[in-house]
Amino acid sequence: MRDTTKHQGLRNQLATTLQEKGITDANVLDAVRKIPRHLFIDSSFEAHAYQDKAFPIAADQTISHPYTVAFQSQVLEVEEGEKILEIGTGSGYQTAVLLELKAEVYTIERQHELFKKTSMFLPKLGYRPKRFVFGDGYKGLPDEAPFDKVIVTAGAPFVPKPLLAQLKVGGKLLIPVGDGEQVMTLFIRKSPLEFEKHELGDFRFVPMLKKKN
Ligand code: SAH
């Protein structure tokens, strides 16, 4: 696992590109400058790791575009020590961003191959979520709820009720909703029964699937 000054230079350029695309959160941009994204993907894509592109990872899944990761991280307005549930660990890149933002992260992945690979890999880089869970993100993580924030990084055909139920009052759920193309949707829990909904533009994610048994 090699990280060089050349990689660092490419990361700085990527952060500038993201800034030009509208990312303003300085902590998110710092995380992009810091995290060695080339180590999260197959070495055959290494030369392109710092372009704003998605790449295949294991189990027919993809690492999200850096812009998408930065956008979701910025919308969440992560504060130090917040308890965050992430659905769709995948490569662990988004997880690493949340950890750089000093959140306490609980992350769920339904593909065993990715769960295994990423739960071994992230700690090697010093990234330690509170929990790696192999399971079904549709159910959330009731034994650790409530959460300050819940972030879904796969395209959900509908909004799973347990994810709304597991938010603190004042908490936020950020979820791309739709088949094929998704609308990035933010729910803010205003009271135990009231949620405010904001639609934040179109994105394209791999689909959120039911757990394989
Ligand atoms: N944040 C990740 C995104 C990976 S793609 C990254 O940037 O690498 C979406 C991930 O969600 C995939 O790893 C996929 O296996 C996972 N996923 C899909 N449906 C899921 C579900 N029901 N529960 C948990 N994870 C799920």
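Residues numbered from 1 in each chain as written. Predicted model: local features only at pLDDT ≥ 70, side-chain atom pairs only at ≥ 80, totals over all residues. Heavy atoms only, no water.

A. Examining the site of the ligand more closely. Surveying the vicinity of the ligand reveals 25 residues, the closest of which are T62, S91, E109, G137 and L209. One nitrogen or oxygen atom from the side chain of S91 is found 2.6 Å from an oxygen atom belonging to the ligand. For the ligand, the accessible surface in isolation is 570 Å², of which the surrounding protein chains cover 99%. Taken atom by atom, the bulk of the ligand overlaps the largest pocket. At the level of elements, strand 2 (62–63) and strand 4 (104–109) are the ones that each hand at least two residues to the shell around the ligand. For the shell around the ligand, the class distribution of residues is 10 nonpolar, 12 polar and three charged. (Near = heavy atom within 4 Å. Polar contact = N/O pair within 3.5 Å; in protein donor to acceptor, adjacent residues only side chain to side chain. Areas by Shrake-Rupley, 256 points an atom, 1.4 Å probe, with all protein chains shown as cover. 1 Å grid on protein atoms, 1.4 Å probe; cavity = no way out; pocket = protein on both sides within 12 Å on 5 of 7 lines; lining within 4 Å. Sits in = over half its atoms within 2 Å of the grid points. Helix = DSSP H or I, 4+ residues; strand = E, 2+ residues; numbered from the N terminus. Nonpolar A, V, L, I, M, F, W, Y, C, P; charged D, E, K, R; others polar.)

B. Representation of the pattern of salt bridges within the structure. With the rule as written, the count across this model stands at 12 salt bridges. The residue D148 makes a salt bridge to K168 at a minimum N-O spacing of 3.2 Å. Of the two residues, D148 is situated in strand 6 (residues 147–152) and K168 in strand 7 (residues 167–177); the sequence distance between them amounts to 20 residues. A residue is classified by how much of its surface remains accessible, and D148, at 17% relative accessible area, is buried. Looking at K168, the relative accessible area reads 31%, which means it is partly exposed. Each of R131, D143 and E144 takes part in one network of salt bridges that share partners. (Salt bridge = Lys/Arg side-chain N within 4 Å of Asp/Glu carboxyl O. Buried < 20%, exposed > 50% of the residue type's maximum accessible area, 1.4 Å probe, protein only.)

C. Structural view of the environment of A96. Within the element layout of this structure, A96 appears in helix 4 (residues 93–100). Measuring from C-alpha to C-alpha, the distance between A96 and I108 comes to 14 Å, with 12 residues separating the pair along the chain. Setting aside chain neighbours within four positions, we find A96 in contact with I35, F40, L122 and Y127. (Contact = heavy atoms within 4.5 Å.)

D. The arrangement of the packing of helix 3 (residues 66–76) against helix 4 in detail. Between helix 3 and helix 4, the shortest axis-to-axis distance is 10 Å and the interhelical angle comes to 35°. Where helix 3 crosses over helix 4, the handedness of that crossing is right-handed. Side by side, helix 3 and helix 4 meet where V69, Q72, S73 and L76 of the first sit next to Y93, Q94, V97 and L98 of the second. In terms of residue class, the contact of helix 3 with helix 4 is made up of five nonpolar, three polar and no charged. (Axes fitted to C-alpha atoms, helices over the stretch in contact; angles between N-to-C directions. Left-handed = near helix turned anticlockwise from the far one by under 90°.)

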